[in-house]
Amino acid sequence: MKNGLVIVGIGGHGREVLTIARAAGMPVRGFVDDSPSQRNLDRVSALGVPFLGPSTRLVDERPSIGYVIGIGDPRIRARLDEQLRLYGLAAATLVHPAATIGPDACVGEGFVAFAGARVTTNVRIGRHVHLNQNCTVGHDTELADFVQVNPLAAISGDCRIGPEVLIGTTACVLQGLHVGEGATVGAGACVTRDVEPKTTVKGVPAR
């Protein structure tokens, strides 16, 4: 990664990823995006980071750069990962200095931890999982690939969170529960029983 990091996605989530890279002292080469809006192009320009073009630019840059997917939607992140893996690129891992990751935690490539994220002990985290500001992940929990945990959410110990799950802002998942693949836990929800795949639950208790 001698030429720095490329962030895929110039929306708000991607620009937040830029703040993590800068806090971690990682040089950023620029952004790529296949359908940028003018508003986001202007916002990226104001941050002093170049827009490099569509994601195919990554092919031209390999293997001198690393990349991270700066998109919050776990399904879009999964689709992009499938495309980028065909290019033969490996994703970088980004951890904000103000995040806490347990020494025995195991994380996959493309993992991103925002400021204040807390991961305790014996936690297994898959590829391209994003833990947003001030969320917590308890002991012996497994997060599968492409999970998105939004700010202030709390996942208790010994939970199983399936691929492409989104845990909404301030939501909580109680001890020992399973959230199935592709499910969405709404903001502020309290999960008190297992969540079926590809369903959306909300409320207290979550239904």
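What counts, and at which threshold
- Residues numbered from 1 in each chain as written.
- Predicted model: local features only at pLDDT ≥ 70, side-chain atom pairs only at ≥ 80, totals over all residues.
- Heavy atoms only, no water.
- Pairing = 2+ DSSP bridges.
- Helix = DSSP H or I, 4+ residues; strand = E, 2+ residues; numbered from the N terminus.
- Buried < 20%, exposed > 50% of the residue type's maximum accessible area, 1.4 Å probe, protein only.
- Salt bridge = Lys/Arg side-chain N within 4 Å of Asp/Glu carboxyl O.

Participant: Teacher, can you tell me more about the sheet that holds strand S7 (residues 106–107) here?
Facilitator: Taken in spatial order, the five strands of this open sheet run S7-S10-S13-S16-S19, and their pairing is parallel. Only two strands of the sheet have a single partner each, and these edge strands are S7 and strand S19 (178–179). In the sheet, S7 pairs with strand S10 (residues 124–125) via two bridges, with the strands oriented parallel. Within S10, the residue paired with Cys106 across the bridge is Arg124.

Participant: So what exactly am I meant to see when it comes to the sheet that holds strand S20 (residues 184–185) here?
Facilitator: Either a parallel or an antiparallel arrangement is found when strands of a sheet pair, and the pairing is made through backbone hydrogen bonds. The strand order S5-S8-S11-S14-S17-S20-S22 describes an open sheet built from seven strands, whose pairing is parallel. Sheet topology places strand S5 (94–95) and strand S22 (200–201) at the edges, where each strand pairs with a single neighbour. As defined by bridge partners, strand S11 (residues 130–131) adjoins strand S14 (residues 148–149) across two bridges and the pair is classed as parallel. When the sheet's bridge partners are listed, Leu131 is paired in S14 with Val149.

Participant: Explain the pairing of strand S4 (residues 66–69) here, please?
Facilitator: A regular strand places its side chains so that they alternate between the two faces of the sheet. Along S4, one buried face is formed by Gly66 and Val68 and the opposite face, lined by Tyr67 and Ile69, is buried too. Relative to S4, strand S1 (residues 5–8) runs parallel, the two being bridged by four bridges. The partner of Val6 across the bridge, within S4, is Tyr67.

Participant: I keep staring at the pattern of salt bridges and nothing clicks. Help me out?
Facilitator: Where charged atoms of side chains with opposite charge meet at close range, the side chains can pair. In this structure the tally under the stated criterion is four salt bridges. In this structure, the salt-bridge partner of Arg160 is Glu142, at a minimum N-O distance of 4.0 Å. With Arg160 in strand S16 (residues 160–161) and Glu142 in strand S13 (residues 142–143), the pair connects residues that are 18 residues apart, well separated along the chain. You can call Arg160 partly exposed: its relative accessible area is 29%. A relative accessible area of 38% places Glu142 in the partly exposed class. Residues joined by salt bridges that share partners form a network here, namely Asp81, Glu109 and Arg127.

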